[in-house]
Amino acid sequence: MAYYPEPVARLIDALQRLPGIGPKTAQRLTFYMLKRPPDEVRELGDALLAVKEKITYCRTCFNVTDEDPCRLCSDPRRDEHVICVVEEPNDLLAMERTGEYRGRYHVLLGALSPLDGIGPDDLKIRELLARLEGRETTEVILATNPNVEGEATALYLAKLLRPLAVRITRIARGLPVGGDLEYADQVTLSKALEGRREIS
Amino acid sequence: MALGKSSAVVIGSFPLGESDRVVTFFSREYGKVRGVARASRRPRSRFAGALELFTVGELVFFDTGRSELLRIDHFDVVRPLARLRESLERLGHASWMVECVNRLTGERDPHAALYGLLTRGLRSMEVAPPGRVALSFVARCLDQTGHRPRLDACVECGRRAPFPRARLGEGGLVCEACAPCLPGLVPISPAATAALERLRGAPWEDVIGTPLGRTEGELKTVLDAHMTRLIGMAPRATKFLREVRRLSKIAGDRA
Ligand SMILES: [Zn+2]
Ligand SMILES: [Zn+2]
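Residues numbered from 1 in each chain as written. Chains lettered and ligands numbered in written order. Predicted model: local features only at pLDDT ≥ 70, side-chain atom pairs only at ≥ 80, totals over all residues.

Asks: Lay out the overall build of chain A with the relevant residues and their values.
Replies: Summing up its helical and strand segments, chain A has eight helices and seven strands in all. Seen through its C-alpha atoms, chain A measures out along the principal axes to roughly 65 × 35 × 35 Å. In chain A, which comprises 200 residues, the proportion classed as buried is 34%. Taking the contacts inside chain A whose residues are at least 6 apart along the sequence as the reference set, 56% of them involve residues at least 24 apart. (Helix = DSSP H or I, 4+ residues; strand = E, 2+ residues; numbered from the N terminus. Buried ≥ 20, exposed ≤ 12 C-beta atoms within 10 Å, placed from the backbone. Contact = placed C-beta atoms within 7 Å.)

Asks: Describe the sheet that holds strand S7 (residues 197-198) of chain A, naming the residues involved and giving the relevant values.
Replies: The strands making up a sheet associate through backbone hydrogen bonding, with each pair oriented either parallel or antiparallel. Residues and elements named next belong to chain A. Pairing in this open sheet of five strands is mixed, and the strands run S4-S3-S5-S6-S7 from one edge to the other. Two strands close off the open sheet at either side, each with one partner strand: strand S4 (103-107) and S7. For strand S3 (residues 79-86) and S4, the ladder comprises five bridges, and the chain directions are parallel. Note on S4: the bridge partner recorded for Val 86 is Val 107. Sitting on the sheet, helix H7 (residues 148-161) is in contact with S3, strand S5 (139-142) and strand S6 (167-170), with an inclination near 165° to S5. (Pairing = 2+ DSSP bridges. Axes fitted to C-alpha atoms, helices over the stretch in contact; angles between N-to-C directions.)

Asks: Residues and numbers for the sheet that holds strand S6 (residues 167-168) of chain B, please.
Replies: Residues and elements named next belong to chain B. Taken in spatial order, the three strands make up an open sheet running S7-S6-S8, and their pairing is antiparallel. In this open sheet, the two edge strands, each paired with only one partner strand, are strand S7 (173-174) and strand S8 (186-187). Pairing between S6 and S8: two bridges, direction antiparallel. Its bridge partner being in S8, Arg 167 is matched across the sheet by Pro 187.

Asks: Let's hear about the packing of helix H1 (residues 88-104) of chain B against helix H2 (residues 112-125) of chain B: which residues, and what values?
Replies: Residues and elements named next belong to chain B. Running from N to C, H1 and H2 point in directions that differ by 175°, and their axes come no closer than 11 Å. Between H1 and H2, the angle falls in the class roughly antiparallel. Along the contact surface, H1 presents Arg 90, His 93, Ala 94, Met 97 and Val 101, while H2 presents Leu 114, Leu 118, Gly 121, Leu 122 and Met 125. Grouping the amino acids of the contact of H1 with H2 by side-chain chemistry returns seven nonpolar, two polar and one charged. (Parallel < 35°, antiparallel > 145°, perpendicular 65-115°, else oblique. Nonpolar A, V, L, I, M, F, W, Y, C, P; charged D, E, K, R; others polar.)

Asks: Describe the confidence of the model for chain A, naming the residues involved and giving the relevant values.
Replies: On average, chain A scores 89 in pLDDT, and the residues at 70 or more come to 92%. Within chain A, helix H8 (residues 186-194) of chain A has the poorest average pLDDT of any element, 72, and S4 of chain A the best, 97. (pLDDT = per-residue confidence, 0-100.)

Asks: Which residues make up the interface of chain A and chain B, and what values do they have?
Replies: Counting residues at the interface gives 26 residues for chain A and 31 residues for chain B. Per-element accounting of the side of chain A that touches chain B gives the leading share, seven residues, to H7 of chain A. Here the side of chain A that touches chain B is built from residues that sort into 13 nonpolar, seven polar and six charged.

Asks: Talk me through the nonpolar core; I want residue IDs and the actual numbers.
Replies: Side chains of a nonpolar character, in soluble globular proteins, are inclined to be buried together. Residues Val 85 of chain A together with Val 9, Met 97, Val 101 and Val 138 of chain B are the most contacted members of the largest nonpolar core, which totals 107 residues. In terms of residues, this core owes the most to one element, H1 of chain B, which gives nine residues. When neighbours within four sequence positions are excluded, Val 138 of chain B is seen to be in contact with Met 97, Cys 100 and Leu 223 of chain B. (Core = buried A, V, L, I, M, F, W, Y, C linked by C-beta atoms within 7 Å.)

Asks: Quick one: what's the story with unusual backbone geometry, residue by residue and with numbers?
Replies: Excluding glycine, a negative phi dihedral is what most residues carry, and trans is how most peptide bonds are arranged. The omega torsion of the bond from Asp 68 of chain A to Pro 69 of chain A falls at 0°, within 30 degrees of zero and hence cis. Omega for the peptide link from Ala 161 of chain B to Pro 162 of chain B comes to -5°, which places this bond in the cis form. With respect to the helices and strands, the residue Pro 162 of chain B is situated in the loop between helix H3 (130-144) and S6. Despite not being glycine, Leu 109 of chain A shows a phi value in the positive range, around 60°. Mapped onto the elements of the fold, Leu 109 of chain A is located in the loop between S4 and helix H6 (125-132). Under the C-beta neighbour-count criterion, Leu 109 of chain A is labelled partly exposed, with 16 such atoms within 10 Å. Although it is not a glycine, Arg 165 of chain B sits at a positive phi angle of roughly 50°. Tracing the sequence through the fold places Arg 165 of chain B in the loop between H3 and S6.

Asks: Can you lay out the domain arrangement of chain B for me, pointing to particular residues and giving the numbers?
Replies: Residues and elements named next belong to chain B. By domain assignment, chain B separates into domain 1 (2-80) and domain 2 (84-254). Centre-to-centre, using C-alpha coordinates, domain 1 lies 28 Å away from domain 2. Those elements that provide at least two residues to the side of domain 1 that touches domain 2 are strand S1 (2-16), strand S2 (20-27) and strand S3 (31-37). Ranked by residues supplied to the side of domain 1 that touches domain 2, first place goes to S3 with four residues. Tallied by class, residues from the side of domain 1 that touches domain 2 come to eight nonpolar, four polar and six charged. (Domains from an automatic or database assignment.)

Asks: Talk me through the pairing of strand S4 (residues 56-63) of chain B; I want residue IDs and the actual numbers.
Replies: Residue and element names in this part refer to chain B. Bridge analysis of S1 against S4 gives eight bridges, and the strand direction is antiparallel. Along S4, the bridge assignment pairs Ala 8 with Gly 57. Here seven bridges tie S4 to strand S5 (residues 70-79), and the two strands are oriented antiparallel to one another. Residue pairing for S5: Glu 58 is matched across the bridge by Asp 76.

Asks: Explain the confidence of the model for chain B to me, and be specific about the residues and the numbers.
Replies: Put simply, chain B has an average pLDDT of 92, and 96% of its residues get 70 or more. Both scores are given for the predicted complex: the pTM is 0.86, the ipTM 0.89.

Asks: I'd like a description of the environment of Gly 99 of chain A, backed by residues and values.
Replies: Residues and elements named next belong to chain A. For Gly 99, the location among the structural elements is in the loop between helix H5 (89-98) and S4. Using a count of 9 C-beta atoms within 10 Å as the deciding quantity, one classes Gly 99 as exposed. As a C-alpha pair, Gly 99 and Ser 190 span 91 residues in sequence and 8.2 Å in three-dimensional space.

Asks: I'd like a description of the packing of helix H4 (residues 190-201) of chain B against helix H6 (residues 215-231) of chain B, backed by residues and values.
Replies: Residues and elements named next belong to chain B. Closest axis-to-axis distance for the H4/H6 pair is 10 Å, and the angle between their directions is 75°. With respect to H6, the element H4 is oriented roughly perpendicular. Contacts between H4 and H6 pair Ala 191, Ala 192, Ala 195 and Leu 196 from the former with Thr 215, Glu 218, Leu 219 and Val 222 from the latter. Residues belonging to the contact of H4 with H6 are distributed by class as follows: six nonpolar, one polar and one charged.

Given below as structure tokens:
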């Protein structure tokens, strides 16, 4: 890094912190941007700042939003008796793309992971419990990923919510193990939603 | 550039880029290795569910020599060990085991005996009480990786054990007189010391078949502190287990 002028080194360093980007990719992106016209680079910079300044998490469901509560939480046409629990905002989008689901959501912003030291306290689980208390929710659909972390999260939530008078279902196992929900095609995902089962 | 083959256990993984995954294996022939499993997060991946944590299988990889990451070509499941992922207690304890292996071994440092111990431990955990299996495994794992604590005498002055108010330090037991000059010691009772000695020395089946009683909780604390000292951080699985157990208390049953 010592050979680069300071602003170049700074950008490479900043890009390297992004997930999935190593030192080589960070260098390539930096030199790519040096070649682009100033307007284009300014647009990228503005977009980065805008996403941080204008987008927050909905305080009800923890989806990303530019208004709080988000459009999904404030839409009166959506069934407030059903809450679909997902790991990340991307998973919510995948569920929405199926066009099958008309209830509300709750985004956990992660999944339980013993090897990463992620426990229930690190997820939006307390907030889910608070939502279920004193509301007329009749069903909670656990739509976490079909991998170790997602299954552990569903297992935990099923036990935690069992004492509440609410139906708890898990999306069907038709989803391939080890895959990411956000990559599941719409047909598979709507089938999984349709075939959801009560979880004990 | 070389093709490699070995029996191996999945001990960790994280997503890479759009749909790949970096998987850490502990293999019989090569010790700990890491490699990229291309497109393994796609729903129709050829790896299917094979790369799930704790899965034992036959690994085929290609070492390009250009990166420390291997290219994972095949991983054929021999034992899925699915039960370890179906209960939070088992998942947490098995994670503690693989975390110890991951942190206490170097990459591409073969250790066939430790591989045997790990697969045996994981297999036992499918049927035996997870806490006891994990403690027995970790006590032996410390021995195998050269971190065997001395339990027969004070490591500072040589005073013969047992003695009252013993503590466990880096190399083993420390007596009360020597304790003030050493940092980071944890108290260990004579009962726990005896149990630890038995866990690492007695035949595996005997150890797994005998309840630890009151010393189980103490041993977990002691071995966690020992691990923390060795790896420079508290084992992550311990935090997970602690938080998940709070639920067991609420729900009144063991997950
Ligand atoms: Zn919302
Ligand atoms: Zn001494």
